[in-house]
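Summary of the model geometry
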Amino acid sequence: MVKLRRLRALMVVLILLVSLSGGAKGAGPAGPAVEISSYEELLSMRENPSGVYRLTESIDMAGRAWEPLDFSGELDGGGHALLNLEVTAVGETMATTYDGNYKTYDTAFAGLFGTLTGASVHDLSLWNLRVTVDSDVPCFIGAVAGYTEDSRITNCTVQGTLELTAHDRMFGVGGFVGYGSGTLESCQGDFTLICTDTDAQTRDEQFMGGAYAAGHLNVKDCTVAIDGYDSDHGYVHNGGLVGMYIFYPAGLDFHGEITNNAVTGQITFFEDNTNRRAYCNGFIGEIMNWDFTNGGNTDDFTRNEVFDYSVNLRPHTCAEPSYAEAVTPAGCDTFGYTTRTCGVCGYSQRDAYTLFQHQWGAWTETLAPTVQRAGREEAACTLCGAVESREVPPLPPPEPSVPTPEPEEEAAGRGWVPLAAGGLFAVTAAVVLIVRRKKIR
C-alpha cells in the first residue's frame, strides 16, 4: 500500500511537470481561441503572436494597411475570408535560406505572415490578395507566408496576384509559401505570379512555384492554377507546384511527401544567361533531394520560354490598356467583385471583392416588449429566405405620479376675507375704537 501511494504521488508530480513545461515539443499552441471579427481585432494579434485565434466574420481589408506578421500560434479562419488584402513591404524578421549549392543568404519575407514558426493556419480564404514587393535584399514572398518553419497550412483557399521585383543574388515567388518547411494540405490556389530581375549583370538564383518557391514542404491533396511570368538574368528554377525541392541544411535526414495534387496553367519565362539551366516543369523545377513519396499527381501545364530579353514579362501586354468594368453583386453566400477587361489586349482580372449581403425584408414583431422584458422581431431575406432575429429593448417604465396640491379654501367659507398686509390689524383697531367711544358716552 505504501509503495502504491508513492507511485501515485510520483505520477502526480510528473503530470504537473509536463503541464508546467507546456507539454511535449511540437504540440502547438493551446488555450481558448480569441475571436476576431474586425480589422482592429486582427491587428491585435501582434500583441500575442503565439496565441490562438479564430475568425468569426469575413473582413474587408480594402484600404487598410497590413505589415507581415511573424507568427507562431494558431489561426482558425472558421471558413471565413480576408478580402482585398494588400501587402507592399517585407516583415521585420529575416531568416537563412539555401540555394542549390547550399550557399546561405540572410533573407526577407512577405505575405499575410512574414514568417510562420511551429504555427498552424487553417480554414481561411484570401480573396483578391495583392502582394507587391520591391526588394534590395534576398527575398521570398508567398500568399500565406513568405517563410515557414515546421508549420501547417490546411484547407485554405487563395486567389490573388503576387509580384516581386528584385536583384540581389537569391529571390523567389510562391503561391501559398515563399520558402520553408512544413505541410500544405487540402488547399486551393488561383495565382498570378510575377518575378522580375532588375540586374542584368548578376547571375542570381531565382525560384517560382504554384505551391511554394523553394524548400521541402510536404504537399498533399492541393489544387493549384498558376499564371506565371518570370524575367531573369541568372538561373531559373520554376515549377507548376514547386520551384526547387531541397532538404536543408545540408545532410538533413528527411522523407517528404508530394501526393494527390493537381496543377493547371503556365509559366512564361526567359533566362538571360549563356550558362543556361532554364528549369521549368509541371511539378518541380529542380529536385535536389529525391527522398520523397510522389504519386497521384496530375498536371495540365505549359512551359513557355521566350528569348527576347529586352521586355520584362507580364500578364497584360499592351502599353496603354483601356479597361471596361463589370460589377457582379454579392449574393447571400457569394462574394461580389468587379471584372476589369482590357479592350486592347483582352487581359481580364477580378478586383474589389465585396462581402456577402442578404436583402432583408420588413421587420415583423414576434414578441412584444414590456417593461419587464425585451421583445423580438424578425426579417426574412428576399433572396434566399434566411431569417434574421434581433432584440427589441424593453419599454421604459411609466413616469412616477406627482400629487396634486390642495387648492386654497375660499375666504367666504372661513367667515373672513383675506386682506392685504396690515388689513386685519386695521379692522381690529377700528372695532376697538368704536367700543371705546360707546364707553365715554
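Going by the structure above, here's the rest.
Let me sum up the structure you'll find in this document.

Parameters at a glance
- Residues numbered from 1 in each chain as written.
- Predicted model: local features only at pLDDT ≥ 70, side-chain atom pairs only at ≥ 80, totals over all residues.
- Heavy atoms only, no water.
- Salt bridge = Lys/Arg side-chain N within 4 Å of Asp/Glu carboxyl O.
- Helix = DSSP H or I, 4+ residues; strand = E, 2+ residues; numbered from the N terminus.
- Buried < 20%, exposed > 50% of the residue type's maximum accessible area, 1.4 Å probe, protein only.
- Core = buried A, V, L, I, M, F, W, Y, C linked by side-chain atoms within 4.5 Å.
- Contact = heavy atoms within 4.5 Å.
- Polar contact = N/O pair within 3.5 Å; in protein donor to acceptor, adjacent residues only side chain to side chain.
- Phe/Tyr/Trp six-rings, centres within 6.5 Å; stacked < 30°, edge-to-face > 60°.
- Pairing = 2+ DSSP bridges.
- Axes fitted to C-alpha atoms, helices over the stretch in contact; angles between N-to-C directions.

Counted according to the given criterion, the structure contains nine salt bridges. Among the ionic pairs, Glu 35 bridges to Arg 54, the shortest N-O distance being 3.0 Å. Of this pair, Glu 35 sits in strand β1 (residues 34–36) while Arg 54 sits in strand β2 (residues 52–55), and the two are 19 residues apart along the sequence. With a relative accessible area of 46%, Glu 35 lands in the partly exposed category. Residue Arg 54 is classed as partly exposed on the basis of its relative accessible area, which comes to 29%. When salt bridges with common partners are traced through the structure, they connect Arg 152, Glu 185 and Lys 220 into a single cluster.

Let us look at the nonpolar core. In terms of nonpolar packing, the biggest core is built from 68 residues, with Phe 113, Phe 176 and Leu 184 touching the most fellow members. If one sorts the elements of this core by residue count, strand β10 (residues 120–134) sits on top with six residues. In contact with Leu 184, not counting residues within four places along its chain, are Ile 153, Phe 176, Val 177, Ala 211, Tyr 212, Leu 217, Asn 218, Val 219, Lys 220 and Cys 222. Ranked by size, the runner-up nonpolar core spans 14 residues in total, among them Phe 109, Tyr 147, Ile 246 and Tyr 248.

It is worth spelling out the environment of Glu 205 at this point. Mapping Glu 205 onto the fold places it in strand β17 (residues 205–209). Under the relative-accessibility criterion, Glu 205 is labelled buried at 10%. Other than its neighbours up to four places away in sequence, Glu 205 contacts Asp 99, Tyr 105, Arg 169, Met 170, Phe 171, Tyr 235 and His 237. One polar contact links Glu 205 to His 237, side chain to side chain, over a distance of 3.4 Å.

Turning to the packing of aromatic side chains, a few remarks are in order. Going through the model one piece at a time under the given rule, you end up with 16 aromatic pairs. Ring centres 5.2 Å apart and planes at 45° place the aromatic pair Tyr 179 and Tyr 248 in the tilted group. Within this pair, whereas Tyr 179 is found in strand β15 (residues 177–185), its partner Tyr 248 is found in the loop between β22 (242–245) and β23 (256–259), the two being separated by 69 residues in sequence. Judged by its relative accessible area of 8%, Tyr 248 falls in the buried class. Measuring from ring centre to ring centre gives 5.1 Å for Phe 247 and Phe 254, while their planes differ by 85°; the resulting arrangement is edge-to-face. For Phe 247, a relative accessible area of 3% translates into the label buried. The exposure class of Phe 254 is partly exposed, given its relative accessible area of 23%.

Before going further, it helps to spend a moment on the sheet that holds strand β34 (residues 387–392). A sheet is described by the order of its strands in space; here three strands give the open sequence β32-β33-β34, paired in antiparallel fashion. The open sheet terminates on both sides in strands that have one partner only, identified here as β32 (364–367) and β34. Shown here is a sheet whose adjacent strand axes are inclined to one another by a mean of 35°, direction ignored. Sheet topology note: the strand β33 (residues 375–380)/β34 ladder contains six bridges and is antiparallel. In the sheet register, Ala 380 faces β34, and the bridge partner there is Val 387.

Along the chain, Thr 192 falls in strand β16 (residues 188–197). Excluding residues that lie within four positions of it along the chain, Thr 192 makes contacts with Gly 160, Thr 161, Leu 162, Asp 227 and Pro 315.

Right, let's talk about the sheet that holds strand β31 (residues 348–354) for a bit. Across the sheet, which stays open at both edges, the three strands sit in the order β29-β30-β31 with antiparallel pairing between neighbours. Of all strands in the sheet, those with a lone pairing partner are β29 (323–328) and β31, marking the two edges. Each neighbouring strand pair of the sheet contributes to a mean axis angle of 20°, computed without reference to strand direction. Here six bridges tie β29 to strand β30 (residues 336–342), and the two strands are oriented antiparallel to one another. Paired with Val 327 across the strands is Thr 338, a residue of β30.

A separate point is the side chain of Asn 238. Among the structural elements, Asn 238 can be located in strand β21 (residues 235–239). Taking relative accessible area as the criterion, Asn 238 reaches 0% and is therefore assigned buried. At a separation of 3.5 Å, a polar atom in the side chain of Asn 238 contacts the main-chain amide nitrogen of Met 208.

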